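Here is what each chain is made of, one letter per residue.
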Amino acid sequence: MMTNKIINLTKEQEACVNYKGGDLLIKGVAGSGKSYVLLRRAVKLYKESNGSASIKIFTFTNALVKYTDELLQDKLGGQYIDVSTIDRFFSNVYKKMTNKWFHVNNDKIKDVVEQTFYDYKKQHRKKHRFYEIDTDYWLEEFKWIQEKCIQSEEEYINTNRKGRGSQVKIISENDKRMVWEIYSLFIQNLKNAKTNTWEGLYLYLNEHLDEIPEQCKVDFVFVDEAQDLTIGKLRALKAITKKTITIAADMAQKIYKTTFTWKEVGIDIQGRASKSLKKTFRSTKQIVLLAEDLAAINRKDVDLKSELTEAVFPDVEGPLPRLFLFDDKIHEEAYLATFSKMLLKEFVNDTVGIICKTKKYFFHIRKLFDSNNIKYQEIFFSTKNPPEWQLLTPGLKLVVAKSSKGLEFDTVLIPDFDEGTHPLIPFNIGDDQVDDHIVTERNLVYVMLTRARQRVIMFCTKNNQSRFVKEFSNNHFLRALF
């Protein structure tokens, strides 16, 4: 995403920073500087207004909020520009609109789904195939309805729903009417339980866009990593925009199952209002070549082809990415600890990102490092304890894969690059959802690889390598047996 140095802009980047039209979409490959350009444009517009313009930058995660704020304050002189996650900002908007906080209790939500089906079966006393489907399936369906901002039964019936799996087919109009009836009961039960879903927040806002207080609106809105946003979030962001909205996105880094078109969210980015940054400046040519092996596969998808930007390879050369192969996990993790210590001694001025696929594995590696007296910083946000880490300072940084979006490190280590982790396929996923899920998982590996500036090292057991290893060109990485 960004660098800890002030960089000279290319002609294409300057065109984005100096754009004088309305809304702007900046499409760019990983490391092309789209996020940095976003910040430079925000600072420029603020200075041009002599400090009178209200400006808000929205990023995807709390980790990215801190990183963006760190760069703005230390490198760009943007102390006056506020950075926030979208959920945090709109929670406050909801509070101003309703005089109450929006409460989300994820543990309670699944119980509400189960209670909903218990109540529905009690009311109707007839057997139906829908009752045999697991809670996660129905929660995903209900959240999808909210994510798409569907507000009526007829709208739900007339909306296409792709990839609902082999567990059940919601095909007929009667099926959809029954689902809507169950969904309506679910909404009532959420109210009774005094909880909500995050998707429900944006459904509410979309139903009351005209009621958003003027004090919550901003002259210039900037949105980073927009490829994973929902229709509801994007419409809400557009609604708080007084003048223009500038969006940075890269569909090759899309790691969530959200779908939208710019037209349906009310953002006009046709023609000159859409600009592409194709050359990457973060990573070496060798890292980009490896990552492009994966991106090229996803570009074969007709639905994705028009949205994906093909990278122009950088001039900077570096070592080939490496894949370290081990007999078992015990030896892999022991060497991960040893290798991490070596990196700290050999590259004292570098940042080293250790990217873990899941939170569970994040805590496992944290325990490993603690037992080996290895110093590291957790790139992890806690509402109880404000984060003390700094991404621009040297050292080991431990981060979960989905929280690594937008971050960058001199060296990236990817432990547990095994089949079953990359990709991680849920046990209850339907057959017709697997292909789409693999695309998303492939995108996540692409994100992980392109966090690196100079070096990438992957770790796995030799008899259980990720299927994505077979998608890499053998000329683009080195194997090493341990």
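Our subject is the structure listed above.
Keep in mind the model is a prediction, meaning the values are calculated, not measured.

Enquirer: Whenever I open this one, the side chain of Gln-253 confuses me. Can you help?
Expert: Inspection of the secondary structure assignment puts Gln-253 in the loop between β5 (241-249) and β6 (274-277). Its relative accessible area of 1% is what places Gln-253 among the buried residues. A distance of 2.9 Å separates polar atoms of two side chains, one belonging to Gln-253 and the other to Asp-250. At a separation of 3.1 Å, a polar atom in the side chain of Gln-253 contacts the side chain of Arg-451.

Enquirer: I would appreciate a short explanation of helix α11 (residues 285-298) in the present structure.
Expert: What sets the pattern is the α-helix's 3.6 residues per turn: residues three or four places apart point alike. Taking 1.5 Å per residue, 14 residues should reach 20 Å; α11 reaches 20 Å between its end C-alpha atoms and fits that length. Remark: the principal bend of α11, roughly 30°, maps to Glu-292. The buried fraction of α11 amounts to 10 of the 14 residues, a majority that puts the element mostly inside the structure. All buried positions along α11 are accounted for by Gln-286, Ile-287, Val-288, Leu-290, Ala-291, Glu-292, Asp-293, Leu-294, Ala-295 and Asn-298.

Enquirer: Which parts of the structure should I look at to understand the environment of Glu-154?
Expert: Tracing the sequence through the fold places Glu-154 in helix α7 (residues 153-157). Linking Glu-154 and Arg-177, residues 23 residues apart in sequence, is a C-alpha distance of 8.6 Å. Of note is the side chain of Glu-154, whose polar atom sits 3.0 Å from the side chain of Arg-177.

Enquirer: So what exactly am I meant to see when it comes to the nonpolar core here?
Expert: The tendency in soluble globular proteins is for nonpolar side chains to be buried side by side. Among the nonpolar cores identified, the biggest contains 41 residues, and Leu-323, Leu-407, Phe-417, Leu-449, Met-458 and Phe-472 are the most heavily contacted of them. Of all the secondary structure elements, the ones that give two or more residues to this core are α3 (62-76), α11, β7 (322-326), β11 (409-414), α15 (434-449) and β12 (452-461). A total of 7 residues in this core trace back to one element, the largest contributor, which is α15. In this view, Leu-449 contacts Ile-287, Leu-290, Ala-291, Leu-294, Ile-414, Val-456, Met-458 and Phe-472; residues no more than four positions away in its chain are not counted. Membership of the second largest hydrophobic core comes to 32 residues, among which are Val-221, Leu-229, Phe-260 and Ile-267.

Enquirer: Looking at this structure, how should I read the sheet that holds strand β8 (residues 351-356)?
Expert: Adjacent strands of a sheet pair through backbone hydrogen bonds, lying either parallel or antiparallel. Ordered by their spatial adjacency, 7 strands build an open sheet running β9-β10-β8-β11-β12-β7-β13, and the pairing between neighbours is parallel. Of all strands in the sheet, those with a lone pairing partner are β9 (377-378) and β13 (478-481), marking the two edges. For β8 and β11, the ladder comprises 3 bridges, and the chain directions are parallel. By the bridge assignment, Gly-353 is partnered in β11 with Val-412. In this fold helix α13 (residues 329-346) packs onto β7, β8, β10 (395-400), β11 and β12, with an angle of close to 160° to the strand it touches most, β12. This element, helix α14 (residues 359-371), spans β8, β9 and β10 of the sheet and lies at about 155° to β10.

Enquirer: For this particular structure, what's the right way to read the sheet that holds strand β1 (residues 24-28)?
Expert: Strand order in this open sheet of 6 strands is β3-β2-β4-β5-β1-β6, and the pairing throughout is parallel. The sheet is open, and its two edges are formed by β3 (82-85) and β6, each paired on a single side. For this sheet the average axis-to-axis angle between neighbouring strands, irrespective of direction, equals 20°. Where strand β2 (residues 55-59) and strand β4 (residues 218-223) come together, 4 bridges link them in parallel fashion. Following the sheet pairing, Ile-57 is matched in β4 by Phe-222. Against the sheet, helix α10 (residues 231-239) engages β2, β4 and β5, with an angle of about 140° to β5.

Conventions used here
Residues numbered from 1 in each chain as written. Predicted model: local features only at pLDDT ≥ 70, side-chain atom pairs only at ≥ 80, totals over all residues. Heavy atoms only, no water. Helix = DSSP H or I, 4+ residues; strand = E, 2+ residues; numbered from the N terminus. Buried < 20%, exposed > 50% of the residue type's maximum accessible area, 1.4 Å probe, protein only. Polar contact = N/O pair within 3.5 Å; in protein donor to acceptor, adjacent residues only side chain to side chain. Expected span 1.5 Å × (residues − 1). Bend = angle between axes of the 7 residues up to and from the residue. Core = buried A, V, L, I, M, F, W, Y, C linked by side-chain atoms within 4.5 Å. Contact = heavy atoms within 4.5 Å. Pairing = 2+ DSSP bridges. Axes fitted to C-alpha atoms, helices over the stretch in contact; angles between N-to-C directions.

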